[in-house]
Amino acid sequence: MQKELITGAEIMIRALQAEGVKTIFGYPGGSIMPVFDVLYDYTRGEKKAFDHILVRHEQAATHAAEGYARVSGDVGVCIVTSGPGATNTLTGVADAMLDSTPMVVIAGQVSIAALGTDAFQEVDLVGVAQPISKWSYQIRRPEDIAWAVSRAFYIARSGRPGPVVLDFPKNAQVDMAEWEPKHVDFVRSYVPYPTPDAQAIAEAAALINGAARPLALVGQGVELGNAHSELLEFIEKADIPAARTLLGLSALPTGHPLNVGMLGMHGNYAPNVKEQECDVLVAIGMRFSDRVTGLTSTYAKQAKVIHLDIDKAEIDKNVKADVAVVGDCKVTLPAITRLLKKGDHRAWRESFAPLYRQEYEKVIRPAIHPASGPLLMGEVVNAVAEATGGEAVLVTDVGQNQMFASRYFKYNRKRSIVTSGGLGTMGFGLPAAIGAAFGAPGRTVCMFSGDGGFQMSVQELGTIMEHRTPVKMVMMNNNYLGNVRQWQDMFFEGRRSFTHMMNPDYSKVAEAYAIPYGLVTDRESLAAEVGKMLATEGPYLLECVIKEEDNVLPMTPPGKSVDEMLLEIN
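Along each chain, the written sequence defines residue order, and numbers are assigned to residues from 1. For a predicted model such as this one, the threshold for reporting local features is a pLDDT of at least 70, and the threshold for listing and counting side-chain atom pairs is 80 or more; totals across whole chains, interfaces and linings nevertheless cover every residue. To get the side-chain values, all heavy atoms of the structure are used, and hydrogens and water are removed first.

> Teacher, can you tell me more about the pattern of salt bridges here?
Pairing is possible between side chains of opposite charge, provided their charged atoms come close. A carboxyl oxygen of Asp or Glu within 4 Å of a side-chain nitrogen of Lys or Arg is what we treat as a salt bridge. Scanning the model with the defined rule gives 25 salt bridges in all. The salt bridge involving Arg-14 is made with Glu-4; its shortest N-O contact spans 2.8 Å. Placement of the pair is Arg-14 in helix α1 (residues 8-18) and Glu-4 in the segment before β1 (5-7), with a sequence separation of ten residues. For Arg-407, the salt bridge identified is with Glu-359, shortest N-O distance 2.7 Å. Residue Arg-407 is found in helix α18 (residues 400-408), and its partner Glu-359 is found in helix α16 (residues 353-368); the two are separated by 48 residues along the sequence. Residues Arg-407 and Glu-359 agree in their burial class; the two are buried. Working definition: helices are DSSP H or I runs of at least four residues, strands are E runs of at least two. Numbering for both runs from the N terminus. Using a 1.4 Å probe on the protein chains alone, a residue whose accessible area is under 20% of its type maximum counts as buried, one over 50% counts as exposed, and one in between counts as partly exposed.

Right, here's the structure in full:
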């Protein structure tokens with residue numbers, strides 16, 4: 001039978017369809033126009049296979065794809081043009097790489113014959129993307145498209161997930177080739193799921209069985225590996241208190257009795273102190289970021305460290321492991337659990353409580369239940385958290401809003417936090433929330449942002465307007481780049497160099513985009529305004545006027561040990 005001869009552009013779209021793609025975030029341009037022309041037919045009528053979401057900036061396409069991937073577990077996809085369209089995606093690619101987010105970026109490119117001539121909107125995308133992506137490849141012929149797309153999705157979603165960049169020259173889009181679906185499930189020298197070492201598993205179990213003061217550190221690897229039930233079985237059998245990293249916050253329900261809080265620079269006091277007292281530290285799907293460890297030369301020196309990770313490159317990179325269990329935690333956790341004795345660490349677990357009470361009295365209660373004064377970020381987050389009952393998806397921007405939101409939100413369901421962890425990308429929140437709304441339809445998506453980060457991607461209100469995307473936007477306005485201002489006050493003698501911001505009238509901004517708007521200036525109206533926001537169908541912008549000098553606490557100052565957290569600023 002003669003095979004069908006079609007353009008490379010249509011092969012690309014059919015290959016995406018074969019990978020199960022349903023939603024694409026993109027922005028058209030000259031060098032990708034043939035693909036968008038084919039996409040015209042595949043987004044409407046009888047042929048409809050995709051929803052294409054037109055963002056207002058290519059960087060937003062990547063962050064939206066990240067948000068979509070984080071909540072859905074699927075690969076996020078974005079399509080852009082060459083030159084500035086492609087380079088605008090690079091921040092999102094780097095963000096996805098550091099946070100292990102599966103994403104495929106397809107970027108147009110000038111024709112092969114024009115490469116190297118400094119043609120209009122030509123850039124060496126493969127060269128610039130290679131260090132910040134899992135795989136970067138230029139598709140030079142239409143015959144290679146189906147294979148390249150299948151390989152891209154296999155690499156992006158398998159093992160430790162990450163971003164893949166496909167550079168798509170225009171000649172490969174317009175030339176003809178036979179359509180033949182491809183399925184790639186093997187790449188030579190790439191081992192996405194290492195076979196766990198039985199001896200390492202036995203050694204890990206023996207250490208845990210002999211521990212008097214074990215502590216588990218739960219990272220995003222549990223979410224990525226869909227190992228939530230395996231984690232619960234593990235910590236419950238061993239009776240191990242468990243702390244969570246920023247990206248792993250929803251891997252364990254907030255109310256679980258073994259959950260002892262958030263790790264890191266602005267995490268909870270008790271787990272940070274207890275990291276320096278435990279005798280066995282079990283790190284599960286986390287990479288010992290500097291924001292978790294503080295000063296590595298003093299970090300957990302008293303403990304035997306067991307490190308479970310799917311990526312061998314993370315072992316011994318930041319913290320030396322006594323036992324390394326390399327493999328998918330969905331496999332390695334139950335393998336260890338089977339060898340565990342039923343644990344009883346009640347006295348050790350109860351030793352966390354006084355530290356929590358200390359933090360509650362000095363930090364938490366004043367942040368969420370202040371007696372008087374201006375509105376605070378903590379009480380805004382707490383009000384939304386209480387109203388959504390731990391069922392919503394939290395999306396944050398970066399800065400003080402991120403830390404307050406992460407600390408005081410509630411998580412009852414998996415894949416419920418979307419934030420920029422490793423790269424710390426301001427402007428991430430708004431487009432990521434758009435992606436999350438498409439990735440988790442039916443769930444409430446609450447996006448917290450400061451005024452600085454909000455203005456970095458304010459153009460995406462146009463995307464929300466067009467699609468009536470049901471994002472509940474909580475913009476906490478303190479007229480400052482708050483996190484930088486806090487550091488300037490603490491470490492730069494209060495020299496507030498270019499951190500004060502002049503803001504627009506956000507009510508008029510919201511009106512211009514036909515988005516319902518509310519304003520909170522005092523705590524007496526906070527609950528009612530939050531309720532109104534959540535009851536309103538579709539998008540909503542709630543501006544909260546916050547105390548200008550609100551500070552995130554606790555805090556481990558840079559260069560200090562994790563147990564040297566500050567509960568107050570003198």
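> Would you explain the sheet that holds strand β2 (residues 23-26) in this entry?
To summarise the sheet geometry, strands pair through backbone hydrogen bonds and adopt either a parallel or an antiparallel arrangement. For two strands to count as paired, DSSP must find a minimum of two bridges between them. The sheet built from six strands is open, its strands ordered β3-β2-β4-β5-β7-β6 with parallel pairing. Only two strands of the sheet have a single partner each, and these edge strands are β3 (51-54) and β6 (135-138). Going across the sheet, the axis of each strand differs from the next one's by a mean of 20°, ignoring polarity. Between the N-to-C directions of two axes lies an angle of 0 to 180 degrees, each axis being a line fitted to C-alpha atoms and, for a helix, fitted only over the stretch in contact.

> Whenever I open this one, the sheet that holds strand β20 (residues 540-545) confuses me. Can you help?
The parallel open sheet is built from six strands, whose spatial order is β16-β15-β17-β18-β20-β19. This sheet does not close on itself; its edge strands, each paired only once, are β16 (417-418) and β19 (517-520). Here strand β18 (residues 471-477) runs beside β20; their pairing, made up of six bridges, is parallel. Residue pairing across strands places Val-474 opposite Leu-542, the latter belonging to β20.

> Sorry if this is basic, but what is going on with the packing of α1 against helix α2 (residues 33-42) here?
The geometry of a pair of packed helices is captured by two quantities: the angle between their axes and the separation between those axes. At a minimum axis distance of 8 Å, the contact between α1 and α2 shows a crossing angle of 50°. Regarding the angle of α1 to α2, the classification is oblique. Crossing handedness for the pair α1 and α2: right-handed. Residues Ala-9, Glu-10, Ile-13, Arg-14 and Gln-17 of α1 form the contact with α2, whose participating residues are Pro-34, Val-35, Val-38, Leu-39 and Tyr-42. Charged residues are taken to be Asp, Glu, Lys and Arg, nonpolar residues to be Ala, Val, Leu, Ile, Met, Phe, Trp, Tyr, Cys and Pro, and polar residues to be all remaining types, Gly included. In terms of residue class, the contact of α1 with α2 is built from seven nonpolar, one polar and two charged. Should an angle fall under 35 degrees it is called roughly parallel, over 145 degrees roughly antiparallel, and 65 to 115 degrees roughly perpendicular, with every other angle called oblique. The sense of a crossing depends on the near helix, which, turned anticlockwise from the far helix by less than a right angle, makes the crossing left-handed and, turned clockwise, makes it right-handed. Here a residue-residue contact requires only that any non-hydrogen atoms of the pair lie within 4.5 Å.

> Looking at this model, I keep getting lost on the packing of helix α11 (residues 228-238) against helix α14 (residues 329-337). Mind explaining?
Between α11 and α14, the shortest axis-to-axis distance is 9 Å and the interhelical angle comes to 25°. Relative to α14, α11 is oriented roughly parallel. You can see that α11 and α14 cross each other, and the crossing is left-handed. Where α11 approaches α14, its residues Glu-230, Leu-231, Glu-233, Phe-234 and Lys-237 are matched on the opposing element by Lys-330, Leu-333, Pro-334, Ile-336 and Thr-337. For the contact of α11 with α14, the per-class residue count stands at five nonpolar, one polar and four charged.

> I tried to follow the pairing of β6 on my own but got confused; where do I start?
One face of the sheet, then the other: side chains in a regular strand alternate in exactly this way. Two strands pair when backbone bridges link them, and β6 and strand β7 (residues 163-169) are joined in this way by four bridges, in the parallel orientation. Looking at the pairing, Ser-136 lines up with Val-165 of β7. By convention, a crossover is right-handed whenever its connection, traced from the first strand over the helix to the second and viewed with the strands pointing away, goes clockwise. The handedness of the β6 to β7 crossover, carried by helix α7 (residues 145-157), is right-handed.

> Got a minute to help me understand the nonpolar core in this structure?
Generally speaking, a soluble globular protein has its nonpolar side chains buried in company with each other. Throughout, nonpolar core names a set of buried Ala, Val, Leu, Ile, Met, Phe, Trp, Tyr and Cys residues whose side chains join them through atoms within 4.5 Å. Among the nonpolar cores identified, the biggest contains 64 residues, and Leu-281, Phe-288, Tyr-299, Val-380, Phe-409 and Phe-448 are the most heavily contacted of them. Among residues more than four places away in sequence, those in contact with Phe-448 are Val-380, Val-381, Val-384, Leu-394, Val-395, Thr-396, Asp-397, Asn-401, Ala-405, Phe-409, Val-474 and Met-476. Listed in part, the 41 residues of the second largest apolar core include Ile-6, Met-12, Ile-32 and Val-187.

> For this particular structure, what's the right way to read the packing of aromatic side chains?
To describe a pair of aromatic rings, one takes the distance between the centres and the angle between the planes. Stacked, tilted and edge-to-face pairs are distinguished by plane angle, under 30 degrees for stacked and over 60 for edge-to-face with tilted covering the rest, among Phe, Tyr and Trp rings (Trp via its six-membered ring) whose centres lie within 6.5 Å. Taken as a whole and judged by the stated rule, the model has 14 aromatic pairs. For the pair Phe-25 and Tyr-68, a centre-to-centre distance of 6.0 Å together with 70° between the ring planes defines the contact as edge-to-face. Taken together, the residues span a long stretch of sequence, with Phe-25 in strand β2 and Tyr-68 in helix α3 (residues 58-72) at a distance of 43 residues. Taken individually, Phe-25 and Tyr-68 each receive the classification buried, so the pair is uniform in this respect. Summarising the aromatic geometry, the rings of Phe-25 and Phe-438 are spaced 6.2 Å apart at their centres and angled 75° between planes, so their arrangement reads as edge-to-face. Of this pair, Phe-25 sits in strand β2 while Phe-438 sits in helix α19 (residues 429-439), and the two are 413 residues apart along the sequence. Residue class for Phe-25 comes out buried when judged on its relative accessible area of 0%.

> Sorry, what's going on with the side chain of His-307 here?
Note on placement: His-307 falls in strand β13 (residues 304-309). Look at His-307 and you get buried, because its relative accessible area is 0%. Residues in contact with His-307, not counting those within four places in the same chain, are Ala-283, Met-286, Phe-288, Glu-314, Ile-315, Ala-321, Val-323, Ala-324 and Val-325.

> What exactly am I supposed to notice about empty space enclosed by the protein here?
Remark: the empty space left among the atoms is shown by a probe the size of a water molecule rolled over them. Buried and open spaces are told apart on a 1 Å grid over the protein atoms alone, a cavity being a set of points where a 1.4 Å probe fits but cannot get out and a pocket being an open set with protein on both sides within 12 Å along at least five of seven lines. Residues with an atom within 4 Å of a point are the lining residues. Grid points are joined across faces, edges and corners, and a volume is the space filled by probe spheres set on the points. Applying the stated criterion across every chain yields a total of two cavities of 30 Å³ or more. Here the largest cavity defines a volume of roughly 60 Å³. In this structure, the largest cavity is lined by Arg-70, Gln-220, Glu-223, Leu-247, Arg-415 and Ile-417. Looking at the lining of the largest cavity residue by residue, the class counts come to two nonpolar, one polar and three charged. The volume enclosed by the second largest cavity comes to roughly 40 Å³. Around the second largest cavity, the lining residues are Ala-15, Ala-18, Glu-19, Ala-146, Val-149, Ser-150, Trp-179, Pro-181 and Lys-182. Of all the secondary-structure elements, those providing two or more residues to the lining of the second largest cavity are α1 and α7. With three residues, the top contributor of residues to the lining of the second largest cavity is α7. Taken together, the residues of the lining of the second largest cavity sort by class into six nonpolar, one polar and two charged.

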